[in-house]
Amino acid sequence: MPQLDIANSFRKGVNSIDKDDLLNCFGKENDPAMRILAMIGFVGNLQRAQFDKVLAKMNLTTAQLNVLIYLMRADEDHTDVTSRDLEKLFHVTNPTMAGILKRLEAKGFIIRTKSGGDGRTKVITLSEEAKELTGSMKSQIDETKQFVFFDFTDEELTKMYEMLGRLMENLTKTR
């Protein structure tokens, strides 16, 4: 059964997975849309696994890194960020974001302070420790990008970006 092949491939390691094993799980018919949907999920899982290896060295998860990157940019723009802002941006529930922020705060990467305008709202900022790590984080991200996209031209990356943007738009439309 193809699903067992994928499970065994995952046990062997991310690099040993055969895309045909995954695609065969969705039938052998020539349905490009179905095969693309399968590959998008597959690529997302592979990307997360690769990033998780790199991030483990920094005691971070992919979700935590995404929040830190957003906070870095907000810090550069002098923009206040709340938990609610992050929930909307990352399309997650309040409990999910609360857990991410709680772990980042416990690791010393963020600071939560009361908002000047509303004492019930907390503004989330990077700690000095996190600011010191930004150079290391950026170099790890750059190294990973070079690894993932090493044989893509700028034109191919632009086209892929445009096409994935269209997919995102379609997926976020209200049904």
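Residues numbered from 1 in each chain as written. Predicted model: local features only at pLDDT ≥ 70, side-chain atom pairs only at ≥ 80, totals over all residues. Heavy atoms only, no water.

With that settled, consider the overall build of the protein. A count of helical and extended segments in the protein gives eight helices and two strands. Going from the N terminus to the C terminus, the protein shows its helices and strands as α-α-α-α-α-α-β-β-α-α. With 175 residues in all, the protein has 27% of them scored as buried. For the protein, the accessible surface area stands at approximately 12400 Å², while carbon and sulfur atoms represent 55% of it. (Helix = DSSP H or I, 4+ residues; strand = E, 2+ residues; numbered from the N terminus. Buried < 20%, exposed > 50% of the residue type's maximum accessible area, 1.4 Å probe, protein only. Areas by Shrake-Rupley, 256 points an atom, 1.4 Å probe, with all protein chains shown as cover.)

Turning our eyes to something else, we now look at helix 5 (residues 83-90). Owing to its 3.6 residues per turn, the α-helix brings residues three or four apart onto one side. Taken together, the buried positions of helix 5 are Ser83, Leu86 and Glu87. Buried residues along helix 5 cover an arc of 105 degrees about the axis, so they all sit on one side. For helix 5, the exposed residues set more than 90 degrees away from the buried face come down to Arg84 and Lys88. (Arc of directions from axis to C-beta.)

A few words now on unusual backbone geometry. We note that His78 has phi near 55 degrees; this positive angle belongs to a residue other than glycine. Phi is positive for His91, close to 55 degrees, though the residue is something other than glycine. Here His91 shows up in the loop between helix 5 and helix 6 (94-106). Taking relative accessible area as the criterion, His91 reaches 69% and is therefore assigned exposed.

This part takes up the pattern of salt bridges. Evaluation of the coordinates by the stated rule reveals five salt bridges. Notably, a salt bridge pairs Glu105 with Arg112, separated by 3.1 Å at the nearest N-O pair. The partly exposed category is assigned to Arg112, whose relative accessible area is 28%. Its salt-bridge partner being Lys145, residue Asp142 comes within 3.4 Å of it at the nearest N-O pair. Taken together, the residues Asp142 and Lys145, both in helix 7 (residues 128-148) and three residues apart, mark about one turn of the helix. For Lys145, a relative accessible area of 44% translates into the label partly exposed. It is possible to trace a salt-bridge network through shared partners that takes in Asp75, Glu128 and Lys131. (Salt bridge = Lys/Arg side-chain N within 4 Å of Asp/Glu carboxyl O.)

In this section: the nonpolar core. Judged by nonpolar contacts, the single largest core of 24 residues is most densely connected at Leu60, Val67, Leu68 and Leu104. Of all the secondary structure elements, the ones that give two or more residues to this core are helix 3 (32-56), helix 4 (62-76), helix 6, strand 2 (122-126) and helix 7. The element best represented in this core is helix 4, accounting for seven residues. Among all residues touching Leu68, those that are not within four sequence positions of it are Leu60, Leu104, Phe109, Ile110, Leu126 and Met137. (Core = buried A, V, L, I, M, F, W, Y, C linked by side-chain atoms within 4.5 Å. Contact = heavy atoms within 4.5 Å.)

The next point concerns the packing of helix 4 against helix 7. Contact pair helix 4 / helix 7: the axes reach a minimum separation of 11 Å and the direction vectors enclose 120 degrees. Relative to helix 7, the element helix 4 lies oblique. Seen from above, helix 4 lies across helix 7 with left-handed handedness. Contacts between helix 4 and helix 7 pair Leu65, Leu68, Ile69, Met72, Asp75 and Glu76 from the former with Lys131, Thr134, Met137, Lys138 and Ile141 from the latter. Among the residues making up the contact of helix 4 with helix 7, the classes are represented as six nonpolar, one polar and four charged. (Axes fitted to C-alpha atoms, helices over the stretch in contact; angles between N-to-C directions. Parallel < 35°, antiparallel > 145°, perpendicular 65-115°, else oblique. Left-handed = near helix turned anticlockwise from the far one by under 90°. Nonpolar A, V, L, I, M, F, W, Y, C, P; charged D, E, K, R; others polar.)

Remark: the centre distance and the inter-plane angle together describe each pair of aromatic rings, the angle taken between the planes. Tallying each qualifying case throughout the model produces one aromatic pair. Between Phe149 and Phe152, the aromatic rings sit 5.7 Å apart at their centres with planes inclined by 75 degrees, giving edge-to-face as the arrangement. Taking relative accessible area as the criterion, Phe152 reaches 32% and is therefore assigned partly exposed. (Phe/Tyr/Trp six-rings, centres within 6.5 Å; stacked < 30°, edge-to-face > 60°.)

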